[in-house]
Amino acid sequence: MKKKIALIVLCSITALCFAGCSGSKGTESDSLTNSSQPASVSTSTPEPTEEAQSALGVGDTADVDGVKVTLNSVTETSGTDFIKPEDGNTFVLCNFTIQNDSDTDLSISSMLCFEAYCDDTSVSLDMVGLSTDEAKQAGQLDGDVASGKNMSGVVCYQVPTSYNKLEVSVQPNLLNENTADFIYTK
């Protein structure tokens, strides 16, 4: 019986420690209550459909669990004399603003929080393109965003000059799977 009680106490302490390390600033009760609800709950307005979310473009803002993600602009650049894309390619700079209206601080990583497809083919963040003058001026989207604060900057992809469509999915909070999906058509 003592072993059973000790095991229950140990499991409870482990669960409390895990909840405390998850980054929530709420109370233990808040953490337990929120975990059983869907990530985006709205009682006054209906949730946008998945189709409506995928139709977001330049100038649109998505609300992902209290984090507003806006695609400000999409620009192409052929680089500089020394920093150029491969032959037949161009750098595409996607300028985003991330407004953290959630209760927790966020860590934004351009490598982990962004996923892109060019004409349905996966493309990776291009670090060389982030060295262009345009990208340096706008700044890179990496760093912490405190609750109530925002950050702006660019992510860069190297794509064929003949591309038609670029899709960028943003996951501002890596602890949940909700994303903002933007489509830019050339």
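Residues numbered from 1 in each chain as written. Predicted model: local features only at pLDDT ≥ 70, side-chain atom pairs only at ≥ 80, totals over all residues. Heavy atoms only, no water.

Participant: Help me understand a nonpolar patch on the surface in this model?
Facilitator: The grouping of M111, L112, M127 and L174 at the surface amounts to a nonpolar patch, some 420 Å² of accessible area in total. Turning to its location among the elements, M127 is positioned in the loop between β6 (121-123) and α4 (133-138). (Patch = residues over 30% accessible without salt bridge, like charges linked within 9 Å, V, L, I, M, F, W, Y side chains within 5 Å. Areas by Shrake-Rupley, 256 points an atom, 1.4 Å probe, with all protein chains shown as cover. Salt bridge = Lys/Arg side-chain N within 4 Å of Asp/Glu carboxyl O. Helix = DSSP H or I, 4+ residues; strand = E, 2+ residues; numbered from the N terminus.)

Participant: Please explain the pattern of salt bridges as it appears in this structure.
Facilitator: For side chains of opposite charge, pairing can occur when their charged atoms come near one another. Following the criterion strictly, the structure yields 4 salt bridges and no others. Of the charged contacts in the structure, one is a salt bridge between K165 and E167, with a shortest N-O distance of 3.7 Å. Given a relative accessible area of 27%, K165 falls into the partly exposed group. Salt bridges sharing partners connect three or more residues here, namely D120, K165 and E167. (Buried < 20%, exposed > 50% of the residue type's maximum accessible area, 1.4 Å probe, protein only.)

Participant: In this structure, what is going on with the environment of I183? I would like to understand it.
Facilitator: Mapped onto the elements, I183 comes out in strand β10 (residues 180-185). Classification of I183 by relative accessible area gives partly exposed; the value is 27%. Sequence separation between I183 and L71 is 112 residues, and the spatial gap between their C-alpha atoms is 9.6 Å.

Participant: When you look at the packing of aromatic side chains in this model, what are you seeing that I'm missing?
Facilitator: Under the counting rule described, the total for this entry stands at 2 aromatic pairs. Between F96 and F114, the aromatic rings sit 5.4 Å apart at their centres with planes inclined by 55 degrees, giving tilted as the arrangement. Of this pair, F96 sits in strand β3 (residues 89-100) while F114 sits in strand β5 (residues 114-118), and the two are 18 residues apart along the sequence. In this pair, the class of F96 matches that of F114, namely buried. Plain terms: the ring middles of F96 and F182 are 5.5 Å apart, the flat faces sit at 70 degrees to each other, and that makes the pair edge-to-face. Residue F96 is found in strand β3, and its partner F182 is found in strand β10; the two are separated by 86 residues along the sequence. (Phe/Tyr/Trp six-rings, centres within 6.5 Å; stacked < 30°, edge-to-face > 60°.)

Participant: What is the right way to read the nonpolar core from this model?
Facilitator: Buried together is how nonpolar side chains tend to be arranged in soluble globular proteins. With 38 residues, the main nonpolar core has C94, F96, F114, Y157, L166, V168 and F182 as its most contacted residues. For this core, the secondary-structure elements that each account for two or more residues are β1 (61-64), β2 (67-77), β3, β4 (106-108), β5, β8 (150-160), β9 (165-170) and β10. (Core = buried A, V, L, I, M, F, W, Y, C linked by side-chain atoms within 4.5 Å.)

Participant: Help me understand the sheet that holds β3 in this model?
Facilitator: Working definition: the strands of a sheet are paired by backbone hydrogen bonds and lie parallel or antiparallel to each other. With antiparallel pairing, 4 strands are arranged side by side in an open sheet as β1-β2-β3-β8. Edge strands, defined here as strands with exactly one partner in the open sheet, are β1 and β8. Mean inter-strand twist for the sheet, computed between neighbouring axes without regard to direction, equals 30 degrees. Note: β3 against β8, 11 bridges, orientation antiparallel. Residue V92 lies in a different strand from β8, and its bridge partner there is Y157. (Pairing = 2+ DSSP bridges. Axes fitted to C-alpha atoms, helices over the stretch in contact; angles between N-to-C directions.)

Participant: Whenever I open this one, the sheet that holds β9 confuses me. Can you help?
Facilitator: The 4 strands lie next to each other as β6-β5-β9-β10, forming an open sheet whose pairing is antiparallel. Here the strands that pair on one side only, and so sit at the sheet edges, are β6 and β10. Taken pair by pair, the neighbouring strands of this sheet meet at an average axis angle of 25 degrees, ignoring direction. As defined by bridge partners, β5 adjoins β6 across 3 bridges and the pair is classed as antiparallel. Following the sheet pairing, Y117 is matched in β6 by S122.

Participant: I keep staring at the pairing of β5 and nothing clicks. Help me out?
Facilitator: On a regular strand, each side chain points to the face opposite its neighbour's, so the side chains alternate between the two faces of the sheet. Residues of β5 alternate between two faces, with F114, A116 and C118 buried on one and E115 and Y117 left unburied on the opposite face. Summarising the sheet, β5 and β9 pair through 5 bridges and their orientation is antiparallel. Pairing of Y117 across the sheet is with E167, part of β9. Taken together, β5 and the strand that follows it, β6, pair antiparallel across an intervening segment of 2 residues, in which D119 is found at a positive phi of about 50 degrees.

Everything listed here is a matter of geometry and, on its own, says nothing about what the molecule does.
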